[in-house]
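The residues making up each chain are set out below.
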Amino acid sequence: MIRICIFLQFITGLLPLQLSSFEQFQNSMRSFNATSIGKSAGGLDIPHVTVSNNGPSKPRVGFICNVAGNRLSSVNICTSFIDAALIHRDPQLVPLLSNYNIHIIPNLNIDGSQQAFTNINKGTSNARGIDLTSAFPDLRENVQVDAGNVPPEVKSVLDFLEKEQFQAVIVIGASETGITFPLFHVEDDHEGIIDDAIHREIAKKAYALNPNLASSGCSVGAGQGITNSHSATFKRKTDSVGTLEDYVYLKYGALTFHFCVSCSLNSDTDVFEENVGVLKELIRSSDRGLHGRVVAPDGAGLRGATVAAKDHVVFAQDGGYFWAPLVVGTYDLKISFGSYPEVQVPTLAVEERTQLPDTVMGDIDPVPTEHENFVQMNKTLHSIHAQYPAITDLYSIGKSVDGRDLLVLVIGKYPDKHVPGIPDFKYIGNMHGNEVVGRSLLISFSKLLCKNYNTDPRITRLLSTTRIHIMPSMNPDGFEAAVPVRDSYNTNGRANAHGEDLNRNFPDQFHRDEEKTREPETEAVMKWMGTHNFVLSANLHGGSLVANYPFDDTVSGLANHVYSQCPDDTFFKHVSALYADNHPSMHAGVACNLDGTVQFPGGITNGNKWYPVTGGMQDYNYVFHDCFEITLELGCAKYPDGKFLPDFWSDNRVSLLEYADAVHHSLTGFVKSSEGELISGAEIHVKENSKSVKSGTDGDYWRLLVPGVHEVWAEKGPLRSKTVEVTVSDKYQVVYNFTLYSEQSRWNETEHYVFEPPQTPESPALEIPVRVHEKIVIVSDTDRSEGVKVTFIKHGEVDENTSIGEAITCYINGEEVVQSEGNTVAVQVKELSTVEFQGASYYRATKFLDGTEKSVKVRLFPLPATLGYHSHAEMLNTFQSIVKECPKMSWVYDIGTTHKKRVMEVLRMSAGDSTTGAENGNKQRIKLVGGIHGNEAVGRECLINLAQYFCSSYGHDDLVTKLLDTLDIHFLPSMNPDGFAVAEHDNWTKGRGNGKDYDLNRNFPDRIAARKDPLQPETSAIMKWSRDKMFTTSISLHGGSLVACYPYDNSESGARVYAGSPDDNTFVYMASTYAKSHPTMYKGERICDDDRFVGGISNGAHWYPLNGGMQDWNYLQCNTMEITVEMGCNKYPTEHELLQKYYDHYLALIAHIKNSRQGFWGKVTDSAGSAIEDIDVVISAPDVGMNISARHSGQFWRIAAPGKYEVTFTADGYKSHVHHVNVGHVSWAELPEPIKVVLFMDNEDIKNHEDSLSRETKMEMLMRRYVVVAVLAVLVVAAVVMGLLWRRKKRREMERRSKDIEYKGLIADDSDSE
């Protein structure tokens, strides 16, 4: 009996699930653990079942069943499919479940089905009476759905489709048999879609798998069973508007089929078993054609990349994976993403299913297939440096035996020098001349880094935070003598020209041979390492496939295959595995010529355990210079044929990037004394690790550590820090600054330090002006499917009767966006979309792109229709007109006269000050200066027009209002009116100098060179003005190029090298803000026959050195952060060109003014609340800045880039005060909170904390004291009352007790008497 029951259960399990009632359907959904995509019009959950989920690398298929409501046969087949796949694991379906992501909505019109289960002739609409088969947006008619009337079922499925992004969608229906495909609605009798052939081919193949469909008598397509749905032969209808199928195909380009499974609306036959073959074939259609992956140079998938083959265009999805439905044939493929160069794959043969290797965007030009000799390599390295001078430096560390240069290419944001806080990293190749793969890889790696800087986010971050030194060939003589071979053992060219193995020629920790001759190449590398504080390194070899780490030998020197462990063994294993794990085959650990035997588990090995090497370079790096180096064996063939070089590059590209990035798997910071002096040569110790590393000449240090908790301390001579317990991560470097003390009592302290990694700051708005009738491309740098949002924000009126919403029209990918009423409209934009704005000719639109918020805001600003040049007299009259129009916020004053006795007038603008023009000492002062060279006239006119705009917009424009309310802005449009008076269009020299033809931008006192020319009256006036006003920021507007420059303008050597100031990071931030707010400057293109400026900015001396410049003087003498902006190639353009220049620069000028509030500010007082003047504000951070001084009011402002700072306030006669500040990106609307600082005199007894507080704080503390006293008084009264009650209770108890005693005594007396 038991066996019969089991048999019956088995047979029943194989039977299809037949639904006879709505309740049975609901029960089955519960058994499948169905989720809901939303509610129906009748309030029912619309079920969704995830049948399989295999991640982004597998295609996605969606089934949507029963759109019509009474097609219960479709509900049955979809429910049976789920049951067979999830419950019974049907062998027919199991292979699909691991290769596809399958999602099913088994009953979209669940309201209709509820009626149909009772009466099959009902239920064709939802609970609101809407036919869902024609309720979807019809994209061919560009009919936008009214959000208020969208059926909830439609809205839910639209959201579902947007989220899932299917490659194939199968809509299941009934009442006919056959497979149809878009389009359902066109304008003529028949129109085939671009993908008509692939749809027809798949439909024909699937239809043939169920012969019963053709013999049903109700087949579509005149009995053929397949058809384009609009065909006149389609039996049910010839034209359908608003279908789900058309929407899916036109919106997402997915393969879309409508599969009618039965003539019967509710078939009693086994529709699942009959059609399971058809369903399987339709699922497999999702990866028909071409599929592949688009990745960035670091291997990260690029969602949104465009893949185009003829007229077929698809977009890569999560992880960069794409599927292009193509019929068999040959295609010219084009792949693009954002600003990456387009990748073209010509004449690609596509079979039924063709997988394309990963497409790497922005990669270098095709990897050479021939090895370069020394002359060719030399030429290549010089070419890279010439092409990318802003981020590269090329130098020789010495010469080989035969006199060849040992060239090193440095790549990084600061290539010319070590910047405190930025680690130095190195790669060395070709140490053995016949091991040549590393030589080629490092050249390719150099091109990869340079080409993708400011394009690829990861590479940009790496080069911004790391200085990478690349030596492709340490043994060029050996290379020239080497012979191409396929095996691992050829030795021709291994040694240098003296026949010495350079990897046996370094000093050895265990076997010191002082008499040994060091080869020229060895000596050069040793000297090189002595002058650079390298942190991490790798040495590229060939002959095996493994990452090798120290130690390479032992004390005996003969102990082959014995593990020789160094103190940092765990870190070396960690970082070696990092390289091997990112290599497609190294991690397997299979050695050469060993028939697949695993010799190196995980692809890594300890050096001596493999074989001993005495005098090796990697041990020398670690033991003698604190540089952690490993040796990389890149392949079995030491000198392979050049045709294999692209394969080696493909294998090692990601590993090279990952390993270089590992230099940041560290504890880092600075070592300083208790007085704040930076200390070089301090030893950084780790508990239970005998290896210490030393701080560099700038006091910075890096201690590479594996992730986990470590106890560390620093010491030098009689000075030592406290012990710090710190947690190190491999996700970010941990920053800790050691302070060394002479007091031994401080040494025993232990600090549990928790490092808060810097949050990725919200990037400042990328401001790109957009002219009317001009198109822009929005590229989101996020990997989210929601796209970005474009919002029109009201910003004034076009005229009295026309609002912005009516005046500006927006087109998304060529389709007009329907504007809403009023001035605001929001539309969804895909990640790669072209947006076009059209409207009033004197309006501008600007795009603010913020990837973290995935939003693009478009602000509209009124601009003049024409622009002309002002003579000096006209400029002064314009100033008076502004004062007359805005008398409460504008004043004119002069600062001196020129050589020709022209008045140098300044327009000051600030709202809310005294109407007399008396300056408010509590406001930050900034200055805008134009025309230091008289013939560079664009800046002069931009400042005049900007001042007019500020006057007219105050009170109407929230941004301008905020700026004038909080800032004191001084406009000096023309510093050199004498030069402007004689300047001429297209004359690059006339009018450059002042009235005596002196160049005013070479006339200021200089930090290095003595001034040659006499001090000019204009220069003297500027110097006195700047010292009197103590401006916090400044900008000087020039012409002749297109770049934002920053200090210093010269170097000690006078050469063209990078000469960064102590505030380099902040200056870079200021210059970048300006460049990114300009429509083209940020691109850094070579448009004026100048160098290419990466990011549109340049250090002054790195562009060209000059002595006596104004920006350096302002910075050094007045603590004013000034940048210089070159506004265009033409110094004195025509008036027509001038208008365009203003269009391009006015938003960048506003961004610069706004940026004046970037940093921190506050007020310093003594304990009595009086302002302290002449106080020094000292910044302590990796980028140590100049001191600033407070004003007479005690106010101070410090411009600073985003980051964490330690700020010290000092004044003569007062105790210093330290304050920690976290500076973020300044917003348009809000100022950072002020810092309130109180200093106590040296002899002042700090006994009462409130003495150091402000009047408001004192009042607050007084109120708190009153509250505390009142509470204490209440508590005292309560205690007294409780005490009295207690005493009264005790007294009563004693009285009662005494009465009891007396009573008992009486009884006792009576007893005695008895």
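Residues numbered from 1 in each chain as written. Predicted model: local features only at pLDDT ≥ 70, side-chain atom pairs only at ≥ 80, totals over all residues. Heavy atoms only, no water.

A.B. asks: Requested: an account of the overall build of the protein chain, with residues and values cited.
C.D. replies: Along its length, the protein chain carries 31 helices and 58 strands. The buried share among the 1314 residues of the protein chain stands at 55%. Restricting the contact set of the protein chain to residue pairs at least 6 apart, pairs at least 24 apart contribute 74%. Just so you have it, the protein chain exposes about 55600 Å², and 51% of that area is on carbon and sulfur atoms. (Helix = DSSP H or I, 4+ residues; strand = E, 2+ residues; numbered from the N terminus. Buried < 20%, exposed > 50% of the residue type's maximum accessible area, 1.4 Å probe, protein only. Contact = heavy atoms within 4.5 Å. Areas by Shrake-Rupley, 256 points an atom, 1.4 Å probe, with all protein chains shown as cover.)

A.B. asks: Quick one: what's the story with the state of the cysteines, residue by residue and with numbers?
C.D. replies: What the rule picks out here adds up to four disulfides. One disulfide bridge connects Cys-218 with Cys-263, the sulfur atoms lying 1.7 Å from each other. Note on the Cys-218 and Cys-263 pair: the S-S dihedral is about -85°, so by sign convention the disulfide is left-handed. Linking Cys-218 in the loop between α8 (211-214) and β7 (226-228) with Cys-263 in the loop between β8 (255-262) and α10 (271-284), this pair joins segments that are 45 residues apart in sequence. By relative accessible area, which is 9% here, Cys-218 ends up buried. Accessibility expressed as a relative area gives 33% for Cys-263, which makes it partly exposed. Paired by a disulfide, Cys-592 and Cys-636 hold their sulfur atoms 1.9 Å apart. With the S-S dihedral at roughly -90°, the linkage between Cys-592 and Cys-636 falls on the left-handed side. One end of the pair, Cys-592, is in the loop between α16 (569-581) and β23 (604-606); the other, Cys-636, is in the loop between β24 (628-635) and α19 (645-661), with 44 residues separating them in the sequence. For Cys-592, a relative accessible area of 12% translates into the label buried. Relative accessible area serves as the criterion here: at 34%, Cys-636 is assigned to the partly exposed category. (Disulfide = S-S within 2.5 Å.)

A.B. asks: Kindly report on the sheet that holds strand β19 (residues 424-429), identifying the contributing residues and their values.
C.D. replies: The eight strands are arranged β17-β18-β20-β19-β21-β24-β22-β23 in an open sheet whose pairing can be described as mixed. Every interior strand has two partners, whereas the edge strands, β17 (392-399) and β23, have only one. Mean inter-strand twist for the sheet, computed between neighbouring axes without regard to direction, equals 25°. When strand β21 (residues 534-541) meets β24, the two strands line up parallel, connected through six bridges. Residue Asn-539 lies in a different strand from β24, and its bridge partner there is Thr-631. Here helix α18 (residues 617-625) sits on the sheet and contacts β19, β21, β22 (544-549) and β24; the angle it forms with β24, its principal contact strand, is near 165°. (Pairing = 2+ DSSP bridges. Axes fitted to C-alpha atoms, helices over the stretch in contact; angles between N-to-C directions.)

A.B. asks: Account for the packing of helix α13 (residues 457-465) against α19, with residues named and values stated.
C.D. replies: Remark: α13 packs on α19, axes separated minimally by 11 Å, with the N-to-C direction vectors making an angle of 40°. If you check the angle between α13 and α19, you find them oblique. The two elements α13 and α19 meet at a crossing, and its hand is left-handed. Along the contact surface, α13 presents Arg-458, Ile-459, Arg-461 and Leu-462, while α19 presents Leu-657, Glu-658, Ala-660 and Asp-661. (Parallel < 35°, antiparallel > 145°, perpendicular 65-115°, else oblique. Left-handed = near helix turned anticlockwise from the far one by under 90°.)

A.B. asks: I'd love a proper account of the packing of aromatic side chains, names of residues and values included.
C.D. replies: All told, the structure shown has 41 aromatic pairs when counted by the stated rule. Seen from their ring centres, Tyr-622 and Phe-628 are 5.1 Å apart, and the 85° between their planes marks the pair as edge-to-face. For Tyr-622, a relative accessible area of 1% puts it in the buried group. Through successive ring pairs, a cluster of aromatic residues spans Phe-510, Phe-551, Phe-571, Phe-572, Tyr-622 and Phe-628. Note that Lys-691 overlies the ring of Tyr-622, its terminal NZ or CZ placed 4.8 Å from the centroid. (Phe/Tyr/Trp six-rings, centres within 6.5 Å; stacked < 30°, edge-to-face > 60°. Lys NZ or Arg CZ within 6 Å of the ring centre and 35° of its normal.)

A.B. asks: Mind laying out the environment of Gly-589, listing which residues take part and the relevant values?
C.D. replies: Relative to the helices and strands, Gly-589 is located in the loop between α16 and β23. For Gly-589, a relative accessible area of 0% puts it in the buried group. The spacing of Gly-589 and Gly-603 is 14 residues in sequence and 4.0 Å in space, taken between C-alpha atoms.

A.B. asks: Any chance you could break down helix α23 (residues 938-953) for me, citing the residues and the numbers?
C.D. replies: Taking 1.5 Å per residue, 16 residues should reach 22 Å; α23 reaches 22 Å between its end C-alpha atoms and fits that length. Of all 16 residues that make up α23, 14 are buried, and the element is covered over most of its length. (Expected span 1.5 Å × (residues − 1).)

A.B. asks: Which residues make up the nonpolar core, and what values do they have?
C.D. replies: Looking at soluble globular proteins, one finds that nonpolar side chains tend to be buried together. In this structure, Tyr-427, Phe-445, Leu-449, Leu-536, Ile-630, Tyr-659 and Phe-738 are the most contacted members of the largest nonpolar core, which totals 81 residues. No other element matches helix α12 (residues 437-452), which puts eight residues into this core. Setting aside chain neighbours within four positions, we find Phe-738 in contact with Phe-670, Val-671, Lys-672, Ile-684, Tyr-701, Val-712, Trp-713, Ala-714, Ser-721 and Val-724. Leu-867, Val-938, Phe-950 and Tyr-1132 belong to the second-largest nonpolar core, a separate cluster that totals 69 residues. (Core = buried A, V, L, I, M, F, W, Y, C linked by side-chain atoms within 4.5 Å.)

A.B. asks: Any chance you could break down the sheet that holds strand β13 (residues 329-336) for me, citing the residues and the numbers?
C.D. replies: The strand order across the open sheet built from four strands is β11-β10-β13-β14, with neighbouring strands paired in antiparallel fashion. Taken across any chain shown, the strands that pair with only one partner, and hence form the sheet edges, are β11 (312-315) and β14 (343-350). Each strand of the sheet is rotated relative to its neighbour by a mean of 25°, with strand direction disregarded. Pairing analysis gives six bridges linking β13 to β14, with the strands arranged antiparallel. Paired with Lys-334 across the strands is Gln-344, a residue of β14.

A.B. asks: Describe a nonpolar patch on the surface, and please don't skip the residues or the numbers.
C.D. replies: A surface patch of nonpolar side chains, amounting to about 380 Å² of accessible area, comprises Val-1277, Val-1281, Met-1282 and Leu-1285. By the secondary structure assignment, Val-1281 is in helix α31 (residues 1255-1313). The class for Val-1281 is partly exposed, based on a relative accessible area of 41%. (Patch = residues over 30% accessible without salt bridge, like charges linked within 9 Å, V, L, I, M, F, W, Y side chains within 5 Å. Salt bridge = Lys/Arg side-chain N within 4 Å of Asp/Glu carboxyl O.)

A.B. asks: Go over the packing of helix α7 (residues 196-207) against α10 with me, naming the residues and quoting the values.
C.D. replies: Running from N to C, α7 and α10 point in directions that differ by 155°, and their axes come no closer than 8 Å. Taken together, α7 and α10 sit at an angle that is classed as roughly antiparallel. As for how α7 packs across α10, the hand of that crossing is right-handed. For the pair formed by α7 and α10, the contact residues are Ile-202, Lys-205 and Ala-206 on the first element and Val-278, Glu-281 and Leu-282 on the second.

A.B. asks: Describe unusual backbone geometry, and please don't skip the residues or the numbers.
C.D. replies: Of the consecutive residues Pro-550 and Phe-551, the connecting peptide bond is found in the cis state with omega at 0°. The residue Phe-551 is located in the loop between β22 and α16 in this model. With omega at 0°, the peptide bond leading from Pro-1047 into Tyr-1048 counts as cis. Locating Tyr-1048 in the fold gives a position in the loop between β49 (1041-1046) and α27 (1064-1076). You will see that Thr-347, though not glycine, has its phi angle at about 45°, which is positive. Topologically, Thr-347 is positioned in strand β14. One non-glycine residue, Glu-688, adopts positive backbone phi at about 65°. The residue Glu-688 is located in the loop between β26 (683-686) and β27 (689-694) in this model. For Glu-688, a relative accessible area of 80% gives the class exposed.

A.B. asks: Account for the side chain of Thr-1073, with residues named and values stated.
C.D. replies: Here Thr-1073 lies in helix α27. Take Thr-1073: its relative accessible area is 9%, and that puts it in the buried class. Within the local environment of Thr-1073, its side chain forms a polar contact with the backbone oxygen of Tyr-1069, the two atoms lying 2.8 Å apart. The residues contacting Thr-1073, other than those within four sequence positions of it, are Ala-1151 and Asn-1155. (Polar contact = N/O pair within 3.5 Å; in protein donor to acceptor, adjacent residues only side chain to side chain.)

A.B. asks: Pulling in residues and values, what's your account of the environment of Glu-936?
C.D. replies: Within the secondary structure layout, Glu-936 lies in the loop between β46 (924-930) and α23. Of the residues examined, Glu-936 reaches a relative accessible area of 3% and is grouped as buried. Considered as a pair, Glu-936 and Gly-991 are 55 residues apart in the sequence and their alpha carbons are 8.6 Å apart. Glu-936 has contacts with Gly-931, Arg-992, His-1038, Gly-1039 and Lys-1131, leaving out every residue within four places of it along the chain. Separated by 3.4 Å, the side chains of Glu-936 and Arg-992 make a polar contact.

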